[in-house]
Amino acid sequence: MKRTVTLYMRERCHLCSDALVLLQGLQQGWNFDIWEVDIDKDDCLVEKYGISIPVIELEGEEIQWGIVDKNAIIEAFSRKNIEFIG
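Residues numbered from 1 in each chain as written. Predicted model: local features only at pLDDT ≥ 70, side-chain atom pairs only at ≥ 80, totals over all residues. Heavy atoms only, no water.

Quick look at the packing of aromatic side chains
Link 1 in the chain: For the coordinates displayed, the defined rule picks out four aromatic pairs.
Link 2 in the chain: When the ring of Trp30 is compared with that of Phe84, the centres are 4.9 Å apart and the planes differ by 70°; the resulting orientation is edge-to-face. With Trp30 in the loop between α1 (14-26) and β2 (32-38) and Phe84 in the segment after α3 (70-79), the pair connects residues that are 54 residues apart, well separated along the chain.
Link 3 in the chain: Under the relative-accessibility criterion, Trp30 is labelled buried at 10%.
Link 4 in the chain: According to the relative accessible area criterion, Phe84 is exposed, its value standing at 53%.
Link 5 in the chain: Clustering of aromatic rings is evident, with ring pairs tying together Trp30, Phe32, Phe77 and Phe84. (Phe/Tyr/Trp six-rings, centres within 6.5 Å; stacked < 30°, edge-to-face > 60°. Helix = DSSP H or I, 4+ residues; strand = E, 2+ residues; numbered from the N terminus. Buried < 20%, exposed > 50% of the residue type's maximum accessible area, 1.4 Å probe, protein only.)

Focus: the side chain of Asn31
Link 1 in the chain: Mapped onto the fold, Asn31 is located in the loop between α1 and β2.
Link 2 in the chain: Within the local environment of Asn31, its side chain forms a polar contact with the side chain of Glu83, the two groups lying 2.8 Å apart. (Polar contact = N/O pair within 3.5 Å; in protein donor to acceptor, adjacent residues only side chain to side chain.)

Overview of the pairing of strand β1 (residues 3-9)
Link 1 in the chain: Of all seven residues in β1, six are buried; the element is thus mostly enclosed.
Link 2 in the chain: Examined bridge by bridge, β1 and β2 share seven bridges and lie parallel to one another. Each bridged residue has a counterpart across the sheet, and for Thr6 the counterpart in β2 is Trp35.
Link 3 in the chain: In this region the chain leaves β1, passes through α1 and returns to the parallel neighbour β2; the handedness of that crossover is right-handed. (Pairing = 2+ DSSP bridges. Right-handed = clockwise from strand over helix to strand, strands pointing away.)

Dropping the structure here:
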């Protein structure tokens, strides 16, 4: 079953762009979709995440934020049983 990884981000954020590129690269080996959420379109999200972006969420758990770490994301994927496709 394909899972969804949520990326809380905003436009003109280089860390957010880096996180998106990293997630897109991981899609080559892991079965998941990326849902991009621009926090600037929701005042509640701006209040919640503010300067913490990017935030990567998987099944309600914030698994990474700020400068994201590829190995930590892979570890979370394994822990959450995201299908590895090679």
